[in-house]
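Chains, contacts and geometry: an overview
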Amino acid sequence: MNGIDQLCPKCGLCCNGVLFADVELRKGDDAQRLAELGLSLEKKGHKKAFAQPCACFDRTLCRIYSERPKRCRTFECGLLKRVQSGELDADAALKLIAQAKRQVEKVCKLLRHVGSDDERLALSQRYRRAMGEPVDLSGGKASVELPGKLMTAYRDLMQTLQGGFLT
Ligand code: SF4
Ligand code: SF4
């Protein structure tokens, strides 16, 4: 079993809006075909991109795997690269994936508490919006403490993602 088969079905962080807010198309991608397959393409400067969470991600796998865009074909996160090279064993990588997913769930739970329940948005966008909202002083101590808890949980998640997946 290769690293992709071992890790990616248990992860999905590069498709579900946690690692990235969008994916740009590259030269050679067939935008019309990708739109037919379900990707909502938008202009991003001179390029086209689709937002994450990806409409073609079924929570475990890519529904358009054999026709996925070039960026998706070529992307390998740092964790996967370290497993492929033998620097890290798959069990340790799976533990890090499980840790990151627990941290994502904690951030999502806090986001829901502050009223950010739009799961169509990437996690970074939900976090930025939530932190831009005024603090609800009428909700008592628990409500006042929520932004601080959210900030800490998001910072911890970013440290895991930066150290484990993006380097
Ligand atoms: S973040 Fe890495 S391990 Fe996770 S699905 Fe993407 S490539 Fe696979
Ligand atoms: S097209 Fe497939 S591989 Fe690319 S982001 Fe969407 S689900 Fe992931």
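1. Observations regarding the domain arrangement of the protein
What the domain assignment lists for the protein is domain 1 (20-76) and domain 2 (79-164). Once you take the C-alpha centre of each, domain 1 and domain 2 turn out to be 24 Å apart. Residue-level contacts link six residues of domain 1 with eight residues of domain 2. Counting each side, the surface lost to burial between domain 1 and domain 2 is near 480 Å², with a carbon and sulfur contribution of 55%. In terms of surface lost to domain 2, no three residues of domain 1 exceed Ala21, Pro53 and Glu76, which account for 81% of the buried area on that side. For the interface between domain 1 and domain 2, the tally reads one residue pair in polar contact (both at pLDDT 80 or more). Residues belonging to the side of domain 1 that touches domain 2 are distributed by class as follows: three nonpolar, one polar and two charged.

2. Here we look at the packing of aromatic side chains
According to the stated counting rule, one finds two aromatic pairs in the structure shown. Arranged with centres 3.7 Å apart and planes meeting at 10°, the rings of Tyr127 and Tyr154 form a pair that is stacked. A residue pair is termed long-range when its members are at least 10 positions apart, and Tyr127 in helix H6 (residues 123-132) and Tyr154 in helix H7 (residues 140-164) qualify at 27 residues. Tyr154 matches Tyr127 in its accessibility class, with the two residues each being buried.

3. A closer look at the site of ligand 2
Neighbouring residues of ligand 2: Cys15, Phe50, Gln52, Cys54, Cys56, Phe57, Cys62, Ile64, Pro69 and Cys72. Across the shell around ligand 2, the residue classes break down as nine nonpolar, one polar and no charged.

4. What to know about the site of ligand 1
Every residue near ligand 1 is listed here: Leu7, Cys8, Cys11, Gly12, Cys14, Leu19, Cys77, Leu80 and Phe165. Residues of the shell around ligand 1, tallied by class, amount to eight nonpolar, one polar and no charged.

5. What to know about the nonpolar core
One finds Leu13, Val107, Leu123, Leu161 and Phe165 to be the most contacted residues of the largest nonpolar core, which totals 28 residues. Taken together, the elements giving at least two residues each to this core come down to helix H4 (78-85), helix H5 (90-113), H6 and H7. Among the elements that line this core, the one with the most residues is H5, at eight residues. If near-sequence neighbours (up to four positions away) are discounted, Leu123 is found in contact with Gly17, Val18, Val107, Cys108, Leu111, Tyr154 and Leu157. If you look at the next biggest cluster of nonpolar residues, it comprises eleven residues, including Ala31, Leu39, Cys54 and Ile64.

6. A short note on the sheet that holds strand S2 (residues 41-44)
The strands making up a sheet associate through hydrogen bonds between their backbones, and the pairing can be parallel or antiparallel. With antiparallel pairing, the three strands of this open sheet are ordered in space as S1-S3-S2. With partners counted over all chains shown, the strands left at the sheet margins are strand S1 (22-24) and S2, one partner each. Recorded for the sheet is a direction-independent mean angle of 40° between the axes of neighbouring strands. Here S2 runs beside strand S3 (residues 47-51); their pairing, made up of four bridges, is antiparallel. Along S3, the bridge assignment pairs Leu41 with Phe50.

7. Considering a nonpolar patch on the surface
On the surface, Val135, Leu137 and Val144 cluster together into a nonpolar patch covering about 270 Å² of accessible area. Among the secondary structure elements, Val135 is positioned in the loop between H6 and H7.

About the thresholds
Residues numbered from 1 in each chain as written. Chains lettered and ligands numbered in written order. Predicted model: local features only at pLDDT ≥ 70, side-chain atom pairs only at ≥ 80, totals over all residues. Heavy atoms only, no water. Domains from an automatic or database assignment. Contact = heavy atoms within 4.5 Å. Buried area = accessible area lost by both parts, 1.4 Å probe. Polar contact = N/O pair within 3.5 Å; in protein donor to acceptor, adjacent residues only side chain to side chain. Nonpolar A, V, L, I, M, F, W, Y, C, P; charged D, E, K, R; others polar. Phe/Tyr/Trp six-rings, centres within 6.5 Å; stacked < 30°, edge-to-face > 60°. Helix = DSSP H or I, 4+ residues; strand = E, 2+ residues; numbered from the N terminus. Buried < 20%, exposed > 50% of the residue type's maximum accessible area, 1.4 Å probe, protein only. Near = heavy atom within 4 Å. Core = buried A, V, L, I, M, F, W, Y, C linked by side-chain atoms within 4.5 Å. Pairing = 2+ DSSP bridges. Axes fitted to C-alpha atoms, helices over the stretch in contact; angles between N-to-C directions. Patch = residues over 30% accessible without salt bridge, like charges linked within 9 Å, V, L, I, M, F, W, Y side chains within 5 Å. Areas by Shrake-Rupley, 256 points an atom, 1.4 Å probe, with all protein chains shown as cover. Salt bridge = Lys/Arg side-chain N within 4 Å of Asp/Glu carboxyl O.

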